[in-house]
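Chains, contacts and geometry: an overview
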Amino acid sequence: MITARDMTAAELAALLHFHAEAGVEWLVEDAPVDRQAAFSAEKQARQRPAAATAAPGTAPAPERRRPEAPQPAPRPAAAVAIPDEHAVTEARFAAESARTLDELRTAVEAFGGCNLKTSARSTVFAAGDPAAGVMVIGPMPSADDDREGAAFSGKAGFLLDRMLAAIGLSRETVLLSTVIPWRPPGDRPPSAPEAAICRPFVERQIELAEPKAVLLLGNFTARFFFGGTGTIHALRGEWREIACGSHAVPAIATLHPQELLTAPASKALAWADLQAFRARLGG
C-alpha cells in the first residue's frame, strides 16, 4: 500500500484535489485507532501517581471528581428533504407562481424540497441576457460551478466560451442555465425523483425567456428534454421541439464541453451542431 510518506508534494496535492472533487469531506488515519483503549490507558496513567504517594498500609485517597458542567440540550437534527410527489407539486406551484426570472430565482433559492440543496454550496440559476432569444442549457453544476455560484466555470466553461465565440455568441448574449440548480454530492447523476423536482424550475425558465432556439449540452440534458436512454451521439444534431408550459421551443443537442475535453476527436461533431444552431438563429 502506498502511504503519504511515499508520495511527492505534487502527487499528494493532486490526490487531495481528486478526493475533494469526488466529494470527500472527512479524513481518516492510515491505520485503525482504538480510541476507547487509548482513553482507558490515559485514565490509568493519571491514577498511578496518587496510588504511589499514599502511605504504606493505607488505602489511597479516593479520587476527587470535578463537578460535571451541565450539558446543552441536543439540537434537533435538520430534516432531510426526501424526493417525493409532494415535493414535485410544491416545486411546480413555486415555479408557476413566478412571473419573472427574478421572481423565479427567488423561488428556487427559497425552495427547500430537494435533498440536493442540503449538500450544495450554491444555487446556480440562469445568467446572461434573458431577452437575447437564445438559451444554452447544461446538466447540473460542477464542483467549479458550485464554488463560483455560476454555470460553466473552470476549464469546461472556458471551452464553452470558445464554442460560443466561434458562432458569434457569448455569455452576455445568451441565457445560460442548468437543468439541476444544485450540485449532486460527488458529481453523481441526479436520481429520477430529484430530476422531477427540478423540472418545473427549468421549464419555467424557458417559458419566461421565450427563446427562439435552445442548445442542450450533454447526455443528461438531452435525455431530460427528449426522453429515452440514447447517448448524446444518437440524440445530437437533430432539431426537436420541447414543450414548456404553453410554449413549444425548437432545441438541438450537442456534446458537453467536458466531454470534448476528454475526447477531442468529437469536436468535429460539436462544430457541425453549432453551425446548425447558428443557421437556425440566422433564419
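Above this text sits the structure in question.
For clarity, every value in this text was computed on a predicted model and none was experimentally measured. (Residues numbered from 1 in each chain as written. Predicted model: local features only at pLDDT ≥ 70, side-chain atom pairs only at ≥ 80, totals over all residues. Heavy atoms only, no water.)

**Here we look at the overall build of the chain**
Heads up, the condition is: The way it works is that DSSP assigns letters per residue, a run of H or I at least four long becomes a helix, a run of E at least two long becomes a strand, and they are numbered from the N terminus. With a 1.4 Å probe rolled over the protein chains alone, any residue whose accessible area is under 20% of its type maximum counts as buried; one over 50% counts as exposed, and the rest are partly exposed. By definition in these notes, contact holds between two residues if any of their heavy atoms fall within 4.5 Å. Here the accessible surface of atoms and residues is derived via Shrake-Rupley with a 1.4 Å probe, and residues count as covered only by protein chains that are part of the display.
On a plain count of helices and strands, the chain comes out with 12 helices and 6 strands. Within the chain, the fraction of its 283 residues that count as buried is 37%. Across the chain, the fraction of contacts at a sequence separation of at least 24, relative to all contacts at a separation of at least 6, is 72%. Accessible surface, the chain: about 17,100 Å² in total, of which carbon and sulfur atoms supply 57%.

**Description of the nonpolar core**
A general tendency of soluble globular proteins is for nonpolar side chains to be buried together. To keep it simple, the criterion reads: In these notes, a set of buried Ala, Val, Leu, Ile, Met, Phe, Trp, Tyr and Cys residues joined through side-chain atoms within 4.5 Å is what counts as a nonpolar core.
Grouped together as the largest cluster of nonpolar side chains are 66 residues, with contacts concentrated most on Ile137, Phe225, Phe226 and Phe277. Ranked by the residues each element gives to this core, the list is headed by helix α8 (residues 192-209), at 7 residues. Among all residues touching Phe225, those that are not within four sequence positions of it are Ile137, Val179, Val202, Ile206, Leu216 and Ile242.

**Details of unusual backbone geometry**
In terms of backbone geometry, most residues other than glycine have negative phi values and most peptide bonds are trans. At Phe152, a residue that is not glycine, the phi angle is positive and equals roughly 60°. As for its placement among the helices and strands, Phe152 is situated in the loop between α6 (143-148) and α7 (154-166). Overall, the relative accessible area of 5% leaves Phe152 in the buried class. Although it is not a glycine, Glu210 adopts a positive phi angle of roughly 50°. Tracing the backbone shows Glu210 in the loop between α8 and β4 (213-217).

**Description of the packing of helix α4 (residues 101-110) against α8**
Under the convention used in this document: Lines fitted to C-alpha atoms define the axes here, with helix axes fitted over just the stretch in contact, and angles between the N-to-C directions of these axes take values from 0 to 180 degrees. Relative orientations are named as follows: roughly parallel for angles under 35 degrees, roughly antiparallel for angles over 145 degrees, roughly perpendicular for angles from 65 to 115 degrees, and oblique for any other angle. Asp, Glu, Lys and Arg are counted as charged, while Ala, Val, Leu, Ile, Met, Phe, Trp, Tyr, Cys and Pro are counted as nonpolar; the rest, among them Gly, fall into the polar class.
Following both chains from N to C, one finds α4 and α8 inclined at 170°, their axes separated by 10 Å at the closest point. With respect to their mutual orientation, α4 and α8 come out roughly antiparallel. Judged by residue contacts, Leu101, Leu104 and Val108 of α4 engage Phe201, Arg204, Gln205 and Leu208 from α8. Looking at side-chain class alone, the contact of α4 with α8 contains 5 nonpolar, 1 polar and 1 charged residues.

**Looking at the packing of aromatic side chains**
So the rule is basically this: The rule is short: rings of Phe, Tyr and Trp, with Trp giving its six-membered ring, pair when the centres are within 6.5 Å, and they are stacked under 30 degrees, edge-to-face over 60, tilted in between. We count a charge as sitting over a ring when the NZ of a lysine or the CZ of an arginine lies within 6 Å of the ring centre and within 35 degrees of the ring normal.
For the structure on display, the rule yields 4 aromatic pairs. For the ring pair Phe224 and Phe225, a centre distance of 5.0 Å and an interplane angle of 80° mean the geometry is edge-to-face. The residues Phe224 and Phe225 share a single accessibility class, namely buried. Each residue in the set Phe220, Phe224 and Phe225 is aromatic and connected to the rest through ring pairs, giving one cluster. The residue whose ring lies beneath Arg199 is Phe224, and the NZ or CZ to ring-centre distance is 3.9 Å. If you follow Arg240 out to its NZ or CZ, it ends over the ring of Phe226, 4.7 Å from the centre.

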